Amino acid sequence: MWNSPKVGILGGGQLGRMLVESANRLNIQANILDADNSPAKQISSHDGHVTGSFKEPDAVRKLAESCDVITAEIEHVDTYALEEVASKVRVEPSWQAIRTIQNKFNQKEHLRKYGIPMAEHRELVNNTPEELAQIGEELGYPMMLKSKTMAYDGRGNFRVNSKEDIPEALEALKDRPLYSEKWAYFKMELAVMVIKTKDDVLSYPTVETVQEDSICKLVYAPARNVPDAINQQAQALARKAVSAFEGKGAFGVEMFLLEDNSLMLCELASRIHNSGHWTIEGCALSQFDSHIRAILDLPIPPKSLELLQPSIMLNIIGGATPDSHLKATEAALSIPNASIHLYSKGAAKPGRKMGHVTVTAATMHEAETMIQPLIDVVDTMRA
Ligand code: ATP
Ligand code: MG
Ligand code: MG
């Protein structure tokens, strides 16, 4: 029977906020660990929240005391604190999964054992120009220098076009643990949201993502003009990659579709993901609904993850001026079938995700036509 479970969430940003929206509709109390007035807390009035950071062991311990299950909206959390509380409270997905995934190099070393295809890469041990130059000889240029940890929205990536870029690249990612990846000449980026339940690995349809400066701009659901065979391969790759980790909940899998139609993993996230926001309008159960159900062992009818209508999601990102996102929102108000989600994060900064808009229509072509004026507005406001 329904027992009003309490879910603890490490992180109260926009992903936590959308989890709360789902939890609220089922009368499930979500206790958020983050700063007061974080986006998730703003829409959830009760006294179960914890003030602090998901990087502070004491705060994680305090959250654990009041919850039936703990989850995270971000992978950059203190997994040692999670390991400690795991003896008292359920942690989903597992702290082991989060610990491995939060370090992109370790994540890839782990996935390699499962035969997941990915770009060739090399670890940097000393972060010296000589070391990176040697790696450049091996991988060729351009290559993508990446921070192993604390990476998001491309902050942690530096494209190294030639040997001459090496000093600038090492300066940009100074004091961070690094590895470098061979350039992936992709014709398209694909993503699949996978939901791991107590006895199943389910997935949402394959989508196409468009990144600008390494940050997600647009998501097309379903992916446009992708033959069914490739779609099936993307689904299989995503499920196989996620199956390599323990624990329940949503996982975001990003992939490159290469010129020869082969697929390669870009990276995997142990959480709800930007590439799955379209599911709020595009499916009967959103990725947030499914995550909450998966971690609480509630039923998820697989049919509820099917696409209801073609959907396009556009991120509203902080632009050249502090009010760029408001101007974009204003324009979105006049777009037919546009659902607007603002995150209430306060001041916009260039590159900061402030909200998103999803347009659904009977056909992808129609959705494209409807959202184009908004894309034009957003393009003129780029930082
Ligand atoms: P996220 O916000 O998704 O967590 P991130 O900061 O962890 O992003 P990645 O997903 O590794 O960064 O890379 C961001 C984008 O940079 C990719 O979606 C892709 O467009 C580009 N990119 C990453 N690696 C490569 C590569 N090896 N070759 C070419 N492009 C790449
Ligand atoms: Mg990432
Ligand atoms: Mg990514």
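Structure shown above.
Overview of the structure. None of these values were measured; they are calculated from a predicted model.

Definitions and cut-offs
Residues numbered from 1 in each chain as written. Chains lettered and ligands numbered in written order. Predicted model: local features only at pLDDT ≥ 70, side-chain atom pairs only at ≥ 80, totals over all residues. Heavy atoms only, no water. Pairing = 2+ DSSP bridges. Helix = DSSP H or I, 4+ residues; strand = E, 2+ residues; numbered from the N terminus. Axes fitted to C-alpha atoms, helices over the stretch in contact; angles between N-to-C directions. Contact = heavy atoms within 4.5 Å. Phe/Tyr/Trp six-rings, centres within 6.5 Å; stacked < 30°, edge-to-face > 60°. Lys NZ or Arg CZ within 6 Å of the ring centre and 35° of its normal. Buried < 20%, exposed > 50% of the residue type's maximum accessible area, 1.4 Å probe, protein only. Right-handed = clockwise from strand over helix to strand, strands pointing away. Expected span 1.5 Å × (residues − 1). Donors = N, O, S within 2.8 Å, 3.2 Å for Na, K, Ca; no water. Near = heavy atom within 4 Å. Polar contact = N/O pair within 3.5 Å; in protein donor to acceptor, adjacent residues only side chain to side chain. Areas by Shrake-Rupley, 256 points an atom, 1.4 Å probe, with all protein chains shown as cover. Nonpolar A, V, L, I, M, F, W, Y, C, P; charged D, E, K, R; others polar. Salt bridge = Lys/Arg side-chain N within 4 Å of Asp/Glu carboxyl O.

On to the sheet that holds strand β8 (residues 157-160). Sheet architecture is open: four strands sit in the order β6-β9-β7-β8, paired in antiparallel fashion. Looking at the sheet topology across the chains shown, the edges are occupied by β6 (121-123) and β8. On average, each strand axis in the sheet is tilted by 20° relative to the strand beside it, whichever way the strands run. Pairing of strand β7 (residues 143-147) with β8 involves four bridges; the strand directions are antiparallel. Paired with Lys 146 across the strands is Asn 157, a residue of β8. Sheet strands in contact with helix α6 (residues 104-112) are β6, β7, β8 and β9 (178-182), and its direction is about 125° off that of β6. Sitting on the sheet, helix α7 (residues 129-139) touches β6, β7 and β9, and the angle it makes with β6 is about 160°.

This part covers the packing of aromatic side chains. Counting across every chain of the model gives three aromatic pairs. Consider the rings of Phe 105 and Tyr 179, whose centres lie 5.8 Å apart with planes at 55°: the pair is tilted. Of this pair, Phe 105 sits in helix α6 while Tyr 179 sits in strand β9, and the two are 74 residues apart along the sequence. Directly above the aromatic system of Tyr 80 lies the positively charged group of Arg 99, at a separation of 3.7 Å from the ring centroid.

Before going further, it helps to spend a moment on the pairing of strand β1 (residues 6-10). When you tally the buried positions in β1, you get four out of five residues, the bulk of the element. With five bridges connecting them, β1 and strand β2 (residues 29-34) associate as parallel partners. Looking at the pairing, Val 7 lines up with Ala 30 of β2. Crossover connection from β1 via helix α1 (residues 14-25) to parallel β2: handedness right-handed. Sheet analysis places β1 next to strand β4 (residues 69-72), joined by four bridges and oriented parallel. If you follow Ile 9 over to β4, its bridge partner there is Thr 71.

Its twelve residues place the ends of α1 17 Å apart at the C-alpha level, agreeing with the 16 Å of an ideal helix rising 1.5 Å per residue. Within the sequence span of α1, burial applies to Gln 14, Leu 15, Gly 16, Arg 17, Met 18, Leu 19, Val 20, Ser 22 and Ala 23. Count one or two residues on from α1 and you reach Asn 27, which has phi positive near 55°.

This next bit is on the coordination of the magnesium ion (ligand 2). When a metal holds four donors in a tetrahedron, each ideal angle between them is 109.5 degrees; when it holds six in an octahedron, the ideal angles are 90 or 180 degrees. Within the protein, Glu 267 (OE) and Glu 267 (OE) serve as the donor atoms for the magnesium ion (ligand 2), at 2.2 to 2.4 Å. A separation of 3.8 Å is found between the magnesium ion (ligand 2) and the magnesium ion (ligand 3), which share Glu 267 as a coordinating residue. Structurally, the position occupied by Glu 267 is in strand β15 (residues 263-269).

Glancing now at the site of ligand 1. Every one of the 20 residues lining ligand 1 counts as a neighbour, but Lys 104, Asp 153, Gly 154, Glu 189 and Glu 267 are closest to it. Tyr 152 places a main-chain nitrogen or oxygen 3.5 Å from an oxygen atom of ligand 1. Between ligand 1 and Asn 157, the relevant distance is 3.0 Å, taken from an oxygen atom to a side-chain nitrogen or oxygen of the residue. Coverage of ligand 1 by the protein chains reaches 94% of its 620 Å² of free accessible surface. For the shell around ligand 1, the secondary-structure elements that each account for two or more residues are β7, β9, β10 (186-196), β14 (249-258) and β15. Residue composition of the shell around ligand 1, grouped by class: eight nonpolar, four polar and eight charged.

Under the counting rule described, the total for this entry stands at 26 salt bridges. Arg 99 is paired through a salt bridge with Glu 83; the nearest N and O atoms lie 2.8 Å apart. Of this pair, Arg 99 sits in helix α5 (residues 95-102) while Glu 83 sits in helix α4 (residues 79-85), and the two are 16 residues apart along the sequence. Since its relative accessible area comes to 34%, Glu 83 is described here as partly exposed. Put simply, Glu 368 and Arg 224 hold a salt bridge, and the shortest N to O gap is 2.6 Å. Of this pair, Glu 368 sits in helix α13 (residues 364-380) while Arg 224 sits in the loop between β13 (215-221) and α9 (228-243), and the two are 144 residues apart along the sequence. You can call Arg 224 partly exposed: its relative accessible area is 23%. One continuous salt-bridge network, built from bridges that share partners, spans Glu 212, Asp 213, Lys 217, Asp 379 and Arg 382.

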